[in-house]
Amino acid sequence: MPKSFFYLLLFFLLLSCHKPETKLANGQPYEWSDSTSVYFFLNTECPLCNRLVGRFSFYQKQYPLVRFYYIFYDDQNMESRLLFLNSDSIKSSQIIIDSQLEIYNAFNPDVTPQVVVAQNKRIVYSGLLDDRFTELGIIQSKIFIDYLSNALNSLMKNEPIKDVQTKAVGCFIEPM
């Protein structure tokens, strides 16, 4: 057997042993989906994230055919993450601990909170959930533009998304 064949075989063996480290909070490996998925990039210490907690279950109820995921990078334990999300409708199978930065590297979020909508493994919207926090220090009491709902409604109707990207405002993500 030629030496190059042996090295090639060894390479493929090592490659097949590598399993992605990105896991759902219930311990299952995270697998990319072709369906419409919404990724909320969050941090339990971010004050803006804390103000949006009630909106997450609202979106899940409004769009039952969409997969929702909650991405965390902080060192909090699972109980504190579930407490932070504070909803019966959000399950641990929707919380992703992205320790290998697989999702971070795929979507490159800047801040928390930030939302990314993906369809067929392609980003179709990235940015703000709504227009309550468009600048640091300025918080509107009412929502005038719900960017996430607008994007999801456009997808459901097979229409182009009006605002494909908005500039998210919040706490900077500092990858490990």
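Described below are features of the structure shown in this document.

### Concerning the overall build of the protein chain
Working step 1: Looking only at helices and strands, the protein chain features 5 helices and 8 strands.
Working step 2: Counting from the amino terminus, the protein chain carries its helices and strands in the arrangement α-β-β-α-β-α-β-α-β-β-β-α-β.
Working step 3: Here the protein chain holds 176 residues, and 44% of them are scored as buried.

### Brief notes about the nonpolar core
Working step 1: One finds Phe40, Phe56 and Tyr70 to be the most contacted residues of the largest nonpolar core, which totals 32 residues.
Working step 2: Among the secondary structure elements, those contributing two or more residues to this core are β2 (37-42), α2 (47-62), β3 (67-72), α3 (78-85), β6 (114-119), β7 (122-127) and α5 (147-156).
Working step 3: Looking at this core element by element, the count peaks at 6 residues for α2.
Working step 4: Discounting residues that sit within four places of it in the chain, Phe56 has contacts with Phe40, Leu42, Tyr70, Leu85, Ile90 and Leu129.
Working step 5: Judged by nonpolar contacts, the second largest core, of 14 residues, contains Phe41, Ile96, Phe107 and Ala118.

### Looking at the environment of Ala118
Working step 1: Looking at the secondary structure, you find Ala118 in strand β6.
Working step 2: By relative accessible area, which is 5% here, Ala118 ends up buried.
Working step 3: When neighbours within four sequence positions are excluded, Ala118 is seen to be in contact with Ser35, Thr36, Ser37, Tyr39, Phe107, Ile123 and Val124.

### Thoughts on α2
Working step 1: The axis of α2 is deflected most strongly, by about 45°, at Val53.
Working step 2: The set of residues buried in α2 consists of Leu48, Cys49, Leu52, Val53, Arg55, Phe56, Ser57, Tyr59 and Gln60.

### Topic: the side chain of Thr166
Working step 1: Tracing the chain through its elements places Thr166 in the loop between α5 and β8 (171-172).
Working step 2: Dropping the residues within four chain positions of it, Thr166 is found in contact with Tyr125, Ser126, Gly127, Leu128 and Tyr147.

### What to know about the pattern of salt bridges
Working step 1: Following the criterion strictly, the structure yields 3 salt bridges and no others.
Working step 2: Between Asp146 and Arg55 there is a salt bridge, with the nearest N and O atoms lying 2.7 Å from each other. Taken together, the positions of Asp146 in the loop between β7 and α5 and Arg55 in helix α2 put the pair 91 residues apart, joining distant regions of the chain. No difference in accessibility class separates Asp146 from Arg55, as the two residues are buried.
Working step 3: In this structure, Asp130 and Arg132 form a salt bridge, with 3.0 Å as the shortest nitrogen-oxygen distance. Summarising the burial analysis for this pair, Asp130 and Arg132 share the class buried.

### Digging into the environment of Leu129
Working step 1: Positionally, Leu129 belongs in the loop between β7 and α5.
Working step 2: Separated by 74 residues in sequence, Leu129 and Arg55 place their C-alpha atoms 9.1 Å apart.
Working step 3: Setting aside anything within four residues of it in sequence, one finds Leu129 in contact with Phe40, Leu52, Phe56, Tyr59, Val115, Asp146, Tyr147 and Leu148.

### Here's the deal with the environment of Ser99
Working step 1: Along the chain, Ser99 turns up in the loop between β4 (95-97) and α4 (102-107).
Working step 2: The spatial distance from the C-alpha of Ser99 to the C-alpha of Phe72 is 8.7 Å, given a sequence separation of 27 residues.

### With respect to the packing of aromatic side chains
What characterises a pair of aromatic rings is the spacing of the ring centres plus the angle enclosed by the ring planes.
Working step 1: Scanning the model with the defined rule gives 9 aromatic pairs in all.
Working step 2: With 5.4 Å between their ring centres and 20° between their planes, Tyr39 and Tyr69 make a pair best called stacked. Here Tyr39 is found in strand β2, whereas its partner Tyr69 is found in strand β3, with 30 residues between them in sequence.
Working step 3: Judged by relative accessible area, Tyr39 falls into the buried class, the value being 1%.
Working step 4: Judged by relative accessible area, Tyr69 falls into the buried class, the value being 9%.

Calculation rules
- Residues numbered from 1 in each chain as written.
- Predicted model: local features only at pLDDT ≥ 70, side-chain atom pairs only at ≥ 80, totals over all residues.
- Heavy atoms only, no water.
- Helix = DSSP H or I, 4+ residues; strand = E, 2+ residues; numbered from the N terminus.
- Buried < 20%, exposed > 50% of the residue type's maximum accessible area, 1.4 Å probe, protein only.
- Core = buried A, V, L, I, M, F, W, Y, C linked by side-chain atoms within 4.5 Å.
- Contact = heavy atoms within 4.5 Å.
- Bend = angle between axes of the 7 residues up to and from the residue.
- Salt bridge = Lys/Arg side-chain N within 4 Å of Asp/Glu carboxyl O.
- Phe/Tyr/Trp six-rings, centres within 6.5 Å; stacked < 30°, edge-to-face > 60°.

No statement about biological role is implied by the geometric values presented.
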